[in-house]
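# Coordinate inspection notes
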Amino acid sequence: MFFFHFELLQNLNGYLKNTPPPLYDYNTADQKTGFTKEAAAAKNIVSTHPSNDVLKFDEHVLANIRETYRGARSFTEWAPNADPIGDIGQFQTIPLLATVDRRPIIVRKQLIEDKKNRLNLAANGKLLGCAMTGATFISDLELLELKHYAPTCDVCFQFVNHKDMTDFVPSLGYEVLKPGLQSTAATKCFEGEATVEARFADWQRGDRRFKGSGYQWHVDCALPNGIQELTCREISRMQDDIDLLDDSQKIYFKTKFELDGWFRQPDSDDDESSQKRRFRIYTEWPWTAVMSHDDDRSAIANGLSTSWNDIDSKFVPSNHHEMSLAHVEGPGYDQSEYRGHISLKSMNADKLSKGGIHPRLVSNLFHLIRNAPGSTHMVAVVDGQAQRSYNVMLMLLNTSISDLFKMYGKVFRNVGTLNDQDLIPISSMNPIDVNSSQPSMTLLELLRIRKIKIHMVPIITPSLVFEKTVCGGQYTFTPYLAARYSADYQVIMYIDGDTAMVESSNKRTLNEILYDRFFGQKSSKCAGHRMRLIEQYVKPEYNNNEAVLQCNQNLALDKKKWQYALKNCHLKEGHIVARTDSVYAFSVHHPDTLDGYLPEGVDDCIPPYSDMEQKAMLRDIKHEQHELISRYYLGEDEFVQLHLRNRERKAECACFFEP
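Notes on the structure in this doc start here.

Procedures and definitions
- Each chain carries its own residue numbering, running from 1 in the direction its sequence is written.
- The model is predicted, so local features are restricted to residues of pLDDT at least 70 and side-chain atom pairs to those at 80 or more, both for listing and for counting; the totals for chains, interfaces and linings are taken over all residues.
- Computation of side-chain values: all heavy atoms of the structure, hydrogens and water removed.
- Residues belong to a common nonpolar core when they are buried Ala, Val, Leu, Ile, Met, Phe, Trp, Tyr or Cys residues joined through side-chain atoms within 4.5 Å.
- Each residue's exposure class comes from its accessible area (1.4 Å probe, protein chains only) as a fraction of the maximum for that residue type: buried when under 20%, exposed when over 50%, partly exposed otherwise.
- Helix and strand assignments come from DSSP, with helices taken as H or I runs of at least 4 residues and strands as E runs of at least 2, each series counted from the N terminus.
- Contact definition: two residues touch when any of their heavy atoms are within 4.5 Å.
- Note on terminology: disulfide denotes any pair of cysteine sulfur atoms within 2.5 Å.
- Paired strands, in this sense, are two strands between which DSSP finds at least two bridges.
- Interaxial angles span 0 to 180 degrees and are taken between N-to-C directions of axes, which are lines fitted to C-alpha atoms, for helices over the stretch in contact.
- For a helix, the expected span equals 1.5 Å multiplied by the number of residues minus one.

## As for the nonpolar core
- Of all hydrophobic cores here, the largest spans 80 residues; its most connected members are Phe157 and Trp287.
- Of the residues forming this core, the biggest block, 6 residues, is contributed by helix α14 (residues 474-485).
- Once residues within four sequence positions are removed from consideration, Phe157 is found in contact with Phe168, Ala186, Thr187, Lys188, Phe190, Glu229, Leu230, Ile235, Met238, Lys250 and Ile251.
- One finds Leu361, Val362, Met441 and Val502 within the second-largest nonpolar core, a separate group that totals 72 residues.

Pasting the structure below:
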């Protein structure tokens, strides 16, 4: 089991009011650790979470997290010309996830803008400037104005001497100088183009449930094209070689932007006396906290799709069997209350906790095994419970299906059917008691036969961030999901851990349904879609795998119940699915994209209406906007997202309710 320790340095007494506040510095030690596959092999790094052909624990992300705690830092200072008032240290800032940006849509954006400027410096992607994205937590959202100013970003290289610094990309970049223009360590920085995003900050600030919470601000950064040394591939190569060569000492990524905040008068407890002042937020990550599992973005550029059905692209499959699909949940966590406040549950105190593994995982995997062969299920978990979550996942994978699915496991006992049949229809789920004394395959073996993989991803979650953000840092993870993994799949679904994907016919798998929606001849040609979410409350007496599976089957096979639920239990927004060559962020219920940078023929289909208006238009087939909304939503004749929640919203939207 691993634990991360960090401390918030406190202001020293006697500081002047315009003195920069303390750093939120995990550790200033610059330990240089490369963790590409080649570097790991060369340094004989042993994984602490052994993987196999079914289960993969993302050691690359874990290494990023460790390097963030060791070497990342964030701090604030007054903006120029600001008249300081109160304590700037009232806003705490914390570095969160950063990564090389592997989104195909960002690669396409860089290439298009390069051609628009008639520079053609990117050399068709070979010399594409490195792109990164990093998130910073800022406390006390209600005391902030949401408009941001003057974003900047840089990648900096610290050398062992000034000659090596000068010889590195001569005549470009700038040298870091101390106040008074005194030369500092031989460090040259290269500025990129920066943008800032805070997708749900306005919504969160208006919700009383989150009073006192902070928010995660994301900065996207793109370095200039045409310079080999400033490609992600080369920067990461330099980092890997940093211990082998006598030239560079440190590489880091830094961001800055400005916000207006409300500050109290000194020695005043009166909020009415607060005044608005502008301040800066600086964050810095060592490059070892940014490197990904594959930083060669030229390969993404070479495989980009030019149109919605460009089968010569690596992002457009020729059929549903070839389509790479990932369904993603998380971040998962187990929480408790400590000293009157929500807290991440202690794994030392609760030896029985399942950590970030959702109680519905097993029953939801049942359906993905049936209807999504050859796909990947990604489970994000908070880092403070990652080891427990991994151990629980291993235990589940090595449990027999006759123990996991006592009444329904027989549907998976015919190995020939499992190998040959794409869809195992829900109608074949006959509730027969399986004799547990007979040998039975494990969940691991079943997933292997159906070619389904489990990918576990730890997510950095300092205690303050967990306690002061929505859903354990969900709004940090979803943009990171797109930036880190979009290039690895063709379609990604983001779903809740307590939802099951249930098809509405016995003919098509999820893979086939989504292929038809995104790439088939009758494609809706959308960048992303929203699923129809049907609520089903699970009462405490039914809170077990068998009862939940029976609830799913009863609803799906009873036409009267199915139609009743579709009409009356679409209570909340469904989650999303997107083609990876077009997604910018998996914003929980919104597959956000970037207009102007989509493949030819692909549209941003998110309707310009509120969620409530969309649901009303969807129900009313005579509404003039019904066709527009239907294009965006997955249809009831495709598949729905059954939300098997443990809290009741509507009495008749419950398992085993008879309409």
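Next comes the rest of the description.
## What about the state of the cysteines?
- According to the stated counting rule, one finds 6 disulfides in the structure shown.
- Between the sulfur atoms of Cys153 and its disulfide partner Cys221 the distance amounts to 2.1 Å. Disulfide Cys153 to Cys221: torsion about the S-S bond roughly 80°, handedness right-handed. Taken together, the residues span a long stretch of sequence, with Cys153 in strand β6 (residues 144-159) and Cys221 in strand β9 (residues 215-222) at a distance of 68 residues. This pair shows no difference in class: Cys153 is buried, exactly as Cys221 is.
- Disulfide pairing places Cys551 opposite Cys655 at an S-S distance of 2.1 Å. Taking the sign of the torsion about the S-S bond as the criterion, the disulfide between Cys551 and Cys655, at about -85°, is left-handed. Taken as a pair, Cys551 in helix α16 (residues 545-557) and Cys655 in the segment after β24 (639-645) lie far apart in primary sequence, 104 residues in all. A single burial state applies to Cys551 and to Cys655, both of which are buried.
- Each disulfide in the protein links cysteines that, numbered along the sequence, combine into the pattern 1-6, 2-5, 3-4, 7-10, 8-12, 9-11.

## Concerning the sheet that holds strand β20 (residues 533-537)
- Pairing is mixed in the open sheet, where 3 strands are placed in the order β18-β24-β20. Lying at the two open borders of the sheet, with one neighbouring strand each, are β18 (499-503) and β20. Geometrically, the sheet is characterised by an average inter-axis angle of 30° between neighbouring strands, direction not taken into account.
- Pairing geometry for β20 and β24, over 5 bridges, is parallel. Paired with Glu535 across the strands is His643, a residue of β24.
- The sheet contacts of helix α8 (residues 361-371) involve β18 and β24, and relative to β18 the element is tilted by about 30°.

## Quick look at helix α2 (residues 59-71)
- Helix length check: α2, at 13 residues, gives a terminal C-alpha distance of 18 Å against a target of 18 Å (1.5 Å per residue), a fit within 8%.
- Of all 13 residues making up α2, 10 are buried, and the element is well covered by its neighbours.
- Among all positions in α2, only His60, Val61, Leu62, Ala63, Asn64, Ile65, Glu67, Thr68, Tyr69 and Gly71 are buried.

The values reported here are purely geometric and, on their own, carry no functional implication.
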